[in-house]
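An overview of the molecular structure
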Amino acid sequence: MTPADFSSDRRRFLVGATAVVASLDLGCGKQAPVVVPAAQTHQDVPLRVLLLGEPQDEGAVSRGWEAVSEQQVQVDVLPLTRADPSGISDAFLAGAKKADVVIYPLVLVGEAARNDAVVKMPADELKRIELEVGTLLPAARNGAARYGGSAYALPLGCALPAVVAQSKVEPLESWEDYDQLVGNQWNGSAAEPTAAGWAGTMFLWRCSGIKNWLFERKDLRPLINTQPYVTSLELMLRTNGRYASKDQTPDQIWTLVGEEKLHGGIGFPSRRSGAADDLLVFALPGGVDLSRIVLDPFSPVVSISASCRQTTASKRFVEWLCGGEGSRSVRGQVAGMTDLRGIASSNDALSPYDEWLGGQLQAPLTAPCLQLNGASDYLVALDKGVRRALKGEVTAQKAMDEVAEQWADLTSAIGVDTQIRAWRMAQGMRA
């Protein structure tokens, strides 16, 4: 088939999909539904899905889709190493050109949109999906489904860190209270995520109450080395000195507490299928009033690629993965995916963590994700800076000064005006 044939086919896909949506909007009895020609489904041509994540998750997605659809699917995995995601954006943009649907981290949505790697989702399509699979929880909708005032992606998971323990914990008003909990009640038998790739994100979770978020809006000057952030890191260092277990991931901490090898800590299961029923789950310090949510930059989202050759099938796949028949089981097996569209049916048993998470995601306010050009480089710089301080190599102030300098250099190299526009869009504003 020639490129011209592909272009013609894609135009037919778009026309057919638009007609279907229009017929749904008309309601019952007003007009006979439009029949999409069978040629548009191309069930013998595999739907190409690019998944940035862990290779073991490919099978869950493939099997889940094939159980509900005759449309063939080919899931290609681009391994994502959280500890060092440098260069992942270039690899992702190249891979998206060969895919119909892409599943990738939230932090890359900005770059995907600015490079025209993914397409906007029309309002009528979003409405149709919500009618079919439910409305997004507020934090997911406001923090992960909008970029620059438009929807380029739909979130598939918004896992949040929780204080997990074997016994009841009183609500924590501050991180000082948490520090005392670790030192007194738990006697240091605890941990928080400080493994490579997690330390910087944990630091951001600790900073969620800081009003001036990360940058000056007018010139994008980094604020990461100002007093509120330095003070937060200093307390993080003090608490880290109390921990019996260090350099752990959230999932490892969840497991250690579940096995009673730790009294408590901060963590969550990487997969819903690993969400044990016997752990107690509590909000982070200062989070009991649901003031503002900081989403994990690596939270998974799904988009339709600008290179999509099967629009109708791609839309069906996106709708299914967001909440269609059988998809909840799939999302439970894939790292980072969670339920984001309200409480599951009464026939579904929710773990204590899932119930807690659903309540947390009711928060309407979210802090913008680092959706800048070269976003992964900003995250790497922050993570390494925090870990240097945790290891005692530098003071908290020195670590944040170094991070601020690296961020400023990255911004200067890419272009201040370019990054200011990207930061505005990350906050939901138009460029």
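Residues numbered from 1 in each chain as written. Predicted model: local features only at pLDDT ≥ 70, side-chain atom pairs only at ≥ 80, totals over all residues. Heavy atoms only, no water.

So, on to the packing of helix H8 (residues 199-206) against helix H9 (residues 227-240). Across the interface, H8 lies against H9 with an axial gap of 10 Å and an inter-helix angle of 115°. The crossing of H8 and H9 is right-handed. Residue-level contacts link Ala 199, Met 202, Phe 203 and Arg 206 of H8 to Tyr 229, Ser 232, Leu 233, Leu 235, Met 236 and Thr 239 of H9. Of the residues that constitute the contact of H8 with H9, the class distribution is 7 nonpolar, 2 polar and 1 charged. (Axes fitted to C-alpha atoms, helices over the stretch in contact; angles between N-to-C directions. Helix = DSSP H or I, 4+ residues; strand = E, 2+ residues; numbered from the N terminus. Left-handed = near helix turned anticlockwise from the far one by under 90°. Contact = heavy atoms within 4.5 Å. Nonpolar A, V, L, I, M, F, W, Y, C, P; charged D, E, K, R; others polar.)

Take the sheet that holds strand E4 (residues 154-155) next. Here we have 5 strands laid out as an open sheet, ordered E2-E1-E3-E9-E4, and mixed in their pairing. Sheet topology places strand E2 (73-79) and E4 at the edges, where each strand pairs with a single neighbour. Against the sheet, helix H11 (residues 311-323) contacts strand E1 (47-53), strand E3 (101-105), E4 and strand E9 (300-304), and its axis sits at roughly 160° relative to E9. (Pairing = 2+ DSSP bridges.)

Time to look at the pattern of salt bridges. Side-chain pairs of opposite charge can arise whenever the charged atoms involved come near each other. If you walk through the whole model with that rule in mind, you get 17 salt bridges. The closest approach of N and O atoms between Arg 271 and Asp 57, which form a salt bridge, is 3.1 Å. Placement of Arg 271 in the loop between strand E6 (264-267) and strand E7 (280-282) and of Asp 57 in the loop between E1 and helix H2 (58-66) is noted, with a sequence separation of 214 residues between them. Comparing Arg 271 with Asp 57 shows no difference in burial state: the two are buried. Between Asp 296 and Arg 82 there is a salt bridge, and its shortest N-O distance comes to 2.8 Å. Remark: Arg 82 occurs in the loop between E2 and helix H3 (88-96) and Asp 296 occurs in the loop between strand E8 (293-294) and E9; sequence separation between them is 214 residues. (Salt bridge = Lys/Arg side-chain N within 4 Å of Asp/Glu carboxyl O. Buried < 20%, exposed > 50% of the residue type's maximum accessible area, 1.4 Å probe, protein only.)

Spatial relationships are all this shows, so hold off on functional conclusions.
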